Amino acid sequence: MKLLVIGNGGREHALAWKLSLSPRVHKVFVAPGNAGTRLEQGLENLPITSFPELIEFAKKEQIALTIVGPEIPLAAGIVDEFRAAGLKIFGPTQQAAQLETSKTFAKDFMMRHHIPTAAYCSFNQPDLAHAYIDQHGAPLVIKADGLAAGKGVIIADTNEQAHAAVNALLVENNLGAAGNEIIIEEYIEGTEVSFIVITDGVHILPLATSQDHKRLLDGNLGPNTGGMGAYSPTPFVTPSLHAQIMRNIIDPVINGMSKEGVGYTGFLYAGLMITPENQVKVLEFNCRLGDPETQPILLRLRSDLVTLIEHAVNGTLDKAAIEWDRRTALGIVMAAAGYPENPRKNDAITGLRELITAQEQTDDFHIFQAGTALGGQSGDEIVTAGGRVLCVTALGENIKLAQQSAYKLIEKIHFDGSQARHDIGYQGINYQRKSI
């Protein structure tokens, strides 16, 4: 069979790579893809992004199944359009994707269905938002209502920072339409983890747990980013917490969407905070796989991903079984100079092609590409083309060993101005050390 993956990031590289490993798959097209998907065996880039052209291509090539990677096509209704054209596609509809595309919708939905989350209030008038800050006081979290590529969340430690965030979003319009409405919510102390499931709208299959690192700098300092690294599984999600998450959060979301007449099919990502009291609260929902969580999760997946997604599309996910590599996988993002504010492009990446050749002989690591393209003087150099450039992902017997392997690989890759955290996985390592 032939498959189509929509997107051009590291998540889509990982998805397309994993799908291509199925013995039932002849080819995976990636639209539009990146240099990594261009160079990966079994994948072919497709330089189109418009929905009518993608639908025409899927019909012409008899694509058996389309999988949507990023949030923007979901928000624009690609699933609705493919289904209307009689094509199989995996992802939530435009209406269901509001769980991600509107923070206000998601918070109101959680209130209606008694899903634990931070107290909040929505605003589109700056004077009312400023009054709320003065009344409640920092620390507070200010979030743009719409999609902002991971950059619409400001953690304000002081009232001054909170007021500045409100002005940036509602007055200066720094994020455009995404910031026309904001929510201000209480700051929750605790440990942040990621919890991702596959669902067919009734049945739910949890994926392996993971932990993301959203801040740019070591020690969770600096500005928020789309994610600077992740590892899987995380020791913070114990069996009892796993049950609590399914019971109090995931089940009520899928059941609640169904009760409101909006069937939810696809990946569902819950960004969660584990409080010091060992309670779990929702920070956000994403209607797709997380990036960079996808990379370590899929490196550990031993089951056929095509079969799992087919079950979800066909409503038979209760018949699916999932198997994992017992080892830990850890991925480190290498970002471009100037990321996240103004990433620089066209810096040549050296050392990467040698690792691409080496990874074909082992399942111990894989370099997933995101902001890359082929260019340079020869037209065949791998160069930077976006903010997050690579996710260097490796397996190890524990978090520490996976971390060591990934950082050894990073030492072999160079591009001018590259940025990477040096402590990916540190919270899990510290937790395991204390548990011994």
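Structure first, text after, so check above.
The paragraphs below set out a description of the structure included in this document. (Residues numbered from 1 in each chain as written. Predicted model: local features only at pLDDT ≥ 70, side-chain atom pairs only at ≥ 80, totals over all residues. Heavy atoms only, no water.)

1. Let's talk about the overall build of the protein chain
Point 1. Within the protein chain, the regular secondary structure consists of 15 helices and 22 strands.
Point 2. The C-alpha atoms of the protein chain give 21 Å as radius of gyration, which agrees with the globular expectation for 436 residues (22 Å, within 12%).
Point 3. Taken over the C-alpha atoms alone, the protein chain extends approximately 60 × 50 × 45 Å along its principal axes.
Point 4. Intrachain contacts of the protein chain at a sequence separation of at least 6 include 69% that bridge at least 24 residues.
Point 5. As displayed, the protein chain has an accessible area near 17,500 Å², and 50% of this comes from carbon and sulfur atoms.
Point 6. Taking the average place of the 36 positive charges on the side chains of the protein chain and the average place of its 48 negative ones, the gap between the two points comes to 5 Å. (Helix = DSSP H or I, 4+ residues; strand = E, 2+ residues; numbered from the N terminus. Rg over C-alpha atoms; globule rule 2.2 N^0.38 Å. Contact = heavy atoms within 4.5 Å. Areas by Shrake-Rupley, 256 points an atom, 1.4 Å probe, with all protein chains shown as cover. Lys, Arg positive; Asp, Glu negative; His and termini not counted. Charge placed at Lys NZ, Arg CZ, Asp CG, Glu CD.)

2. Side note on unusual backbone geometry
Point 1. Ala31 connects to Pro32 through a cis peptide bond whose omega is 0 degrees.
Point 2. Note that Pro32 resides in strand 2 (residues 27–32).
Point 3. In the segment running from Tyr339 into Pro340, the intervening peptide bond is cis, with an omega of 10 degrees.
Point 4. Note that Pro340 resides in the loop between strand 18 (328–335) and helix 13 (352–359).
Point 5. At Gln62, a position not held by glycine, the phi torsion is positive, near 55 degrees.
Point 6. Residue placement: Gln62 occurs in the loop between helix 3 (51–60) and strand 4 (65–68).
Point 7. Residue class for Gln62 comes out exposed when judged on its relative accessible area of 67%.
Point 8. You will see that Asn173, though not glycine, has its phi angle at about 60 degrees, which is positive.
Point 9. Tracing the chain through its elements places Asn173 in the loop between helix 9 (159–171) and strand 9 (182–186). (Buried < 20%, exposed > 50% of the residue type's maximum accessible area, 1.4 Å probe, protein only.)

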